[in-house]
There are 4 protein chains.
Amino acid sequence: MEEPIRVGLIGAGQMGLWHARCLAHDIQQAELAAAADPDEDAARRAAALAPGARWSTSHEAILSDPSIRAVVIASPDGTHARIIEEAAQAGKDIFCEKPLATDLAEADAALAAVASHGIKLQVGFQRRFDPAYQRAREVIAAGELGPIELAVATTRDPLEAGRPGAGKNAAIFIQTTIHDLDSLRYLTGLEVVQVYANASYFGEASAEEDEVDTAAVILRFQTGALATITDSWRAAYGYDVQVEVMGPKGKIQVGSDRQTAVRHFDAQGVHHDHVYWYIDRFGQAYRREMEHFIECVARGVTPDVGGADARAAQALADAAARSLREGRPIDVPLPA
Amino acid sequence: MEEPIRVGLIGAGQMGLWHARCLAHDIQQAELAAAADPDEDAARRAAALAPGARWSTSHEAILSDPSIRAVVIASPDGTHARIIEEAAQAGKDIFCEKPLATDLAEADAALAAVASHGIKLQVGFQRRFDPAYQRAREVIAAGELGPIELAVATTRDPLEAGRPGAGKNAAIFIQTTIHDLDSLRYLTGLEVVQVYANASYFGEASAEEDEVDTAAVILRFQTGALATITDSWRAAYGYDVQVEVMGPKGKIQVGSDRQTAVRHFDAQGVHHDHVYWYIDRFGQAYRREMEHFIECVARGVTPDVGGADARAAQALADAAARSLREGRPIDVPLPA
Amino acid sequence: MEEPIRVGLIGAGQMGLWHARCLAHDIQQAELAAAADPDEDAARRAAALAPGARWSTSHEAILSDPSIRAVVIASPDGTHARIIEEAAQAGKDIFCEKPLATDLAEADAALAAVASHGIKLQVGFQRRFDPAYQRAREVIAAGELGPIELAVATTRDPLEAGRPGAGKNAAIFIQTTIHDLDSLRYLTGLEVVQVYANASYFGEASAEEDEVDTAAVILRFQTGALATITDSWRAAYGYDVQVEVMGPKGKIQVGSDRQTAVRHFDAQGVHHDHVYWYIDRFGQAYRREMEHFIECVARGVTPDVGGADARAAQALADAAARSLREGRPIDVPLPA
Amino acid sequence: MEEPIRVGLIGAGQMGLWHARCLAHDIQQAELAAAADPDEDAARRAAALAPGARWSTSHEAILSDPSIRAVVIASPDGTHARIIEEAAQAGKDIFCEKPLATDLAEADAALAAVASHGIKLQVGFQRRFDPAYQRAREVIAAGELGPIELAVATTRDPLEAGRPGAGKNAAIFIQTTIHDLDSLRYLTGLEVVQVYANASYFGEASAEEDEVDTAAVILRFQTGALATITDSWRAAYGYDVQVEVMGPKGKIQVGSDRQTAVRHFDAQGVHHDHVYWYIDRFGQAYRREMEHFIECVARGVTPDVGGADARAAQALADAAARSLREGRPIDVPLPA
């Protein structure tokens, strides 16, 4: 067995902890070397997953450790771009949770750092590693639906995710819609040329402007194909991610499943459960994206989901936010 | 048994023939008295369904027959408003297929005639008579979902429905989207205040301007609730009508079903059929809407789906067409 | 239009009333001429469905009316065989609800009368007229599953159907299991050579011997193919009829469906309804079997589901009852 | 972290390799210390999963290693009982794949050794660790269905599993049916008092007597409740394990799922995949049963699925085989 890739985790919240678990337990080629989080408990908990892993409250300790070859960034969204730049300067290969940045200018600065230091970057669009999405893309890429004409994407997060303030500045587009934007690009292989968005806020009273927890978007692709996206942070029934893509020969649907294969029949009808937690829907995809990253680092090849895809989705999320502010459809230039 | 209501059919195409069948065979209280269609064969075929029914190539014969109490209008869309006016003058109660008219001005003239002659008018929004839509509305009206926040409506017609020229002037909005507009109003009990639409044409080459066979719409309701509609006339796999409506306590989904309760498992996977023909999905609803109309005529009461609902949906379809032309969201006044 | 076939209904309970409705309203070629039932109200109610239909408390009035060409027998099971004989003597073509008789000897006497008077007989195995069963049979007959090896059939009637005394003498086999026996013969095209049955009673206290409301059966076909049947009269959740048939190339499944295409998602999971009433599952099949009968009478041809099939299913039901009594598998001779 | 439990694998075929993977990668508390298999390649492959694990072609090396605290037996069925006795003598705690033995006498000898040496024994009935089965049992145990009356269990293995000779001596009962027997006991909490079985062979020509690849069984429980089991080794469409359990208040169904959440709609209908490999259906359950075993070893407590359950299922499988030989139902004594 080759020497494992030593990885440092930056940001040990819920998502970071899951990545740490994959690195520590599931991926033989990786070694969780260190975990950093301003919350000491969080950093300690993540480091405890692997024998010998160190912890710190600052990510500088990770960046300055020459034995660490790659970092996983799962810190708050607003810190991603800056940490990418620092990690690139430190010569670390980078897996960064989406989004790349909070706006396109920041994203471009981060990507420039990645380019100039020649390091690998992968962005956390885990749906691309889900077998259902991959199967759907194969069907579409093989032309089994004909040229794509229409798509409908849905993401619903459980209700408790919506807290006053969390949705300010229409953050739903950059936090949630960005997954739908990326997966529609991934599935159809098409680029978007126009974005229209509308949104509302139904949460508890909030003093924030532009607080949003419910959004509807129409995309127009370069071919005239159309797509809608509806996103909500207020689903009582669980985590609900679906997409359907249609062409003149048929449609393909990636649906939401029961959590367990049980149905209960009684005098009131038929009842079954629903996936509630995003890890239950995409746990396998999170593990597979990390395996892909580690393998790319080990073999020195460029990850499948890198800066260009991250930037393209970011540009669309920015356009959605702008469409909401300006109340009109926004034209989007094709990616360079 | 009371004297049956004698009904004249105006327009004996596919939809008219189905209504004739319901009147002749299924509804005891009704009697198909006559059928008119410029196509003599069509008129004869419909009249042949009931013993003693007469046929003609012009609807004047029906309007001038004092023994006929009510008419069913299933002629081409562009003739609806004019025939409603004539039938109202002749004192006939009217069931008219949607849409009421091709634009709002025409619709208002027809409704004025209906009002001034004091006759009953019902419009063919058959989804309101489908048990699944009715059940969904009950759940929503009972507050089981909480205040509605988000809805997603889909209508897909089989591919052959799309012929060059049929979709000119963005007719998809008035022919197809109008069903989604009405059913969203019916289900949510809310009024729309803004409409944005985008559309494309993927059919065979067409010389027509504004030819459209694929559309995407965002609605904003008075409460801030949002809805998307995606419509296509190009479904290879059949007739596909779905809607889901969500509030903070849950969502309700009216789905498309298998045609027959058969699943075939083989080495390639699992296979089942799909509803192909709109009659197979809504046959019961078409019969029930006609029963409702006949009962309203017999009892002298106003039908549940009358001019106000028809006008409201028409106004939204008009706004969608205008949004497409002008490339911006269109504000819609609340119904009077 | 040809002269309609005048039909007399004998037995106007729930099932008879449904047949009367089909004859009166749905089948143009038939005319409900008369209805007989010892319960005068029931006879009147059925006759009221068709203008001019007469009623009586005795079926002799029907048999002696020369204008009546055919009868539908939906009287209690114990009277079927005798009325068939009388109707055959009177020269009427006969549609008889299953079972033909309460035992094989009685059945043979009835079939002898049918043969000697040269009249048409159809038996009420309506599943053969259900599109799902027909589709399944086509798939099997086309060899798409390969030679059949294994089948699983299920019938569950709603709980209230089980009343003390109703299940005496293991009547479940002749009343309910007979449908599964017939549909397995219909689907597979194979004959059964051995039957084993076990059964229990879970209803309220009953003084009857051999009271049964729950049964399990294994069939062995001539080819070595095996089938199980489980039947219950105690389903809280509705009417549940399913079958799956398997060969080396796959399996086909005829399933139970939702009543309405609605799903409700809430914090407890996902909920939908279940077919509750047998008419809701097989209403179309009941109408189609009656259309077939009337057409056979009109054209003078032998119905598809006649005496031989009725006798074969009866022989298997008898064998199941005997297996239960004797506690061992019973060999069954192949039909002549 | 406590000292991990060192485990030796005996039998490194497909199932053994899976257990090895769980021990090496997924269960922190366990350490795969050694792997033995007469096939050197198999032994090497399993040992390679864990750094430092040794391999051998004989299990004596494992039993004589005092640092090894527990063994996992996944060798051929006919060797289980003997190896259990040897491992018990060596003082190792034992996880043994089902079945315990090839007949009841052998099983009793193995259980006596386990008892006299005071070691822990867990048997590989992994369905008990599947969340769907566990949820179904909870519903039943909570009385939500009322007292159980009827159950239907199904196991279908993919076609290639059936090779000439594999099914001799009606081995299907001890290899496959035993899972259904155990899961019906687990779900209902009831004991079986009578077993009837029938079976056939549809595979390629075989010289073996009692070669069986398709079986149907009826169980009668102590309460009069009934169950059917149908098992086949010839499913073209994949791995298909289902059970439904019914009482007077409803039924609960554990079903087979799609492998991926994708549906493809085209002009031929709707298509989706089916679970094909048993690991894809029960991978989580295999991991969870092994976690349970390791935890029981670590804490010195008795595993949930031990000798008594293994013996009870074995007695029922033996009765099924005897019923097939003797052509009659076999009474089974209640477990001591």
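Residues numbered from 1 in each chain as written. Chains lettered and ligands numbered in written order. Predicted model: local features only at pLDDT ≥ 70, side-chain atom pairs only at ≥ 80, totals over all residues. Heavy atoms only, no water.

J.: What is the right way to read the overall build of chain A from this model?
T.: Of the regular secondary structure elements, chain A holds nine helices and 15 strands. Taken against the 2.2 N^0.38 rule, which gives 20 Å for 336 residues, the C-alpha radius of gyration of chain A at 20 Å falls within 12% of a compact globule. Over its C-alpha atoms, taken along the principal directions, chain A stretches across nearly 55 × 50 × 50 Å. Looking at chain A residue by residue over its 336 residues, the buried ones come to 64%. Across chain A, the fraction of contacts at a sequence separation of at least 24, relative to all contacts at a separation of at least 6, is 72%. (Helix = DSSP H or I, 4+ residues; strand = E, 2+ residues; numbered from the N terminus. Rg over C-alpha atoms; globule rule 2.2 N^0.38 Å. Buried < 20%, exposed > 50% of the residue type's maximum accessible area, 1.4 Å probe, protein only. Contact = heavy atoms within 4.5 Å.)

J.: When you look at the interface of chain C and chain D in this model, what are you seeing that I'm missing?
T.: Many structure descriptions define interface size as the accessible area lost when the parts assemble. Between chain C and chain D, the residue contacts involve 41 residues of the former and 41 residues of the latter. Across the contact surface, chain C and chain D share six salt bridges. The closest approach of N and O atoms between Glu244 of chain D and Arg156 of chain C, which form a salt bridge, is 2.8 Å. The interface formed by chain C and chain D contains 16 residue pairs in polar contact (both at pLDDT 80 or more). Sorting the residues of the side of chain C that touches chain D by element identifies β7 (150-158), β8 (192-200), β9 (214-221), β10 (226-235), β11 (240-247) and β12 (250-254) of chain C as the ones contributing at least two each. With seven residues, β10 of chain C is the largest single contributor of residues to the side of chain C that touches chain D. Residues belonging to the side of chain C that touches chain D are distributed by class as follows: 18 nonpolar, 13 polar and ten charged. (Salt bridge = Lys/Arg side-chain N within 4 Å of Asp/Glu carboxyl O. Polar contact = N/O pair within 3.5 Å; in protein donor to acceptor, adjacent residues only side chain to side chain. Nonpolar A, V, L, I, M, F, W, Y, C, P; charged D, E, K, R; others polar.)

J.: Explanation requested: the relation of the copies chain A and chain B in the structure shown.
T.: Here two copies of a chain appear, and what relates them is a rotation about an axis with a shift along it. Superposing chain A onto chain B requires a rotation of 180° together with a translation of 0.0 Å along the rotation axis, leaving an RMSD of 0.0 Å. Such a combination of turn and shift is consistent with a two-fold rotation axis. If distances are taken from each C-alpha of chain A to the rotation axis, the shortest is found for Arg328 of chain A, at 2.8 Å. Counting the interface residues of chain A, we find that 100% of their copies in chain B are interface residues as well, pointing to one common contact surface. (Least-squares fit on C-alpha atoms with pLDDT ≥ 70 in both.)

J.: Sorry if this is basic, but what is going on with the relation of the copies chain C and chain D here?
T.: Expressed as a screw operation, the relation of chain C to chain D combines 0.0 Å of axial shift with a rotation of 180°, fitting to an RMSD of 0.0 Å. In this assembly, 100% of the residues forming the interface of chain C have copies in chain D that are likewise at the interface, indicating an isologous arrangement.

J.: How should the interface of chain A and chain B be read in this particular structure?
T.: On the chain B side, the residues contacting the 41 residues of chain A number 41 residues. For the pairing of chain A and chain B, the buried interface totals around 3100 Å² over both sides, and the portion due to carbon and sulfur atoms is 62%. At the junction of chain A and chain B, the tally comes to six salt bridges. Its salt-bridge partner being Glu149 of chain B, residue Arg234 of chain A comes within 2.8 Å of it at the nearest N-O pair. (Buried area = accessible area lost by both parts, 1.4 Å probe.)

J.: Help me understand the pattern of salt bridges in this model?
T.: Where charged atoms from two side chains of opposite charge come close, those side chains can pair. Enumeration over the complete set of coordinates arrives at 76 salt bridges over all chains. Between Glu138 of chain A and Arg135 of chain A there is a salt bridge, and its shortest N-O distance comes to 3.3 Å. With Glu138 of chain A and Arg135 of chain A both in helix α6 (residues 131-141), this residue pair falls three residues apart, about one helical turn. A salt bridge links Arg281 of chain C to Asp130 of chain C; the shortest N-O distance between them is 3.0 Å. Of this pair, Arg281 of chain C sits in helix α8 (residues 278-299) while Asp130 of chain C is found in the loop between β6 (121-123) and α6 (131-141), placing the two residues 151 residues apart along the sequence. We note that Arg281 of chain C, like Asp130 of chain C, is buried. Each of Arg128, Asp182, Arg185, Glu191 and Asp309 of chain A takes part in one network of salt bridges that share partners.

J.: Help me understand the packing of helix α1 (residues 14-26) of chain D against helix α8 (residues 278-299) of chain D in this model?
T.: In helix packing, the relevant descriptors are the interaxial angle and the interaxial distance, both defined with respect to the helix axes. All names here are of chain D. Two elements in contact, α1 and α8, have axes whose closest approach is 10 Å; the angle formed by their N-to-C orientations is 55°. Taken as axis vectors, α1 and α8 run oblique relative to one another. For the pair α1 and α8, the crossing hand works out as right-handed. Contact residues: α1 offers Gln14, Met15, Trp18, His19, Cys22, Leu23 and Asp26, while α8 offers Tyr278, Ile279, Gly283, Tyr286, Arg287, Glu289, Met290 and Ile294. Tallied by class, the residues present in the contact of α1 with α8 amount to nine nonpolar, three polar and three charged. (Axes fitted to C-alpha atoms, helices over the stretch in contact; angles between N-to-C directions. Parallel < 35°, antiparallel > 145°, perpendicular 65-115°, else oblique. Left-handed = near helix turned anticlockwise from the far one by under 90°.)

J.: Explanation requested: helix α7 (residues 172-188) of chain A in the structure shown.
T.: In an α-helix, one turn spans 3.6 residues, which is why side chains three or four residues apart end up on the same side. Residue and element names in this part refer to chain A. If you check α7, its first and last C-alpha atoms are 23 Å apart, about what 17 residues at 1.5 Å a residue would give, namely 24 Å. The largest bend in α7 comes to about 45°, at Ile178. Of all 17 residues in α7, 16 are buried, a share of seventy percent or more. The first or second residue beyond α7 is Gly189, which carries a positive phi of 70°. (Expected span 1.5 Å × (residues − 1). Bend = angle between axes of the 7 residues up to and from the residue.)

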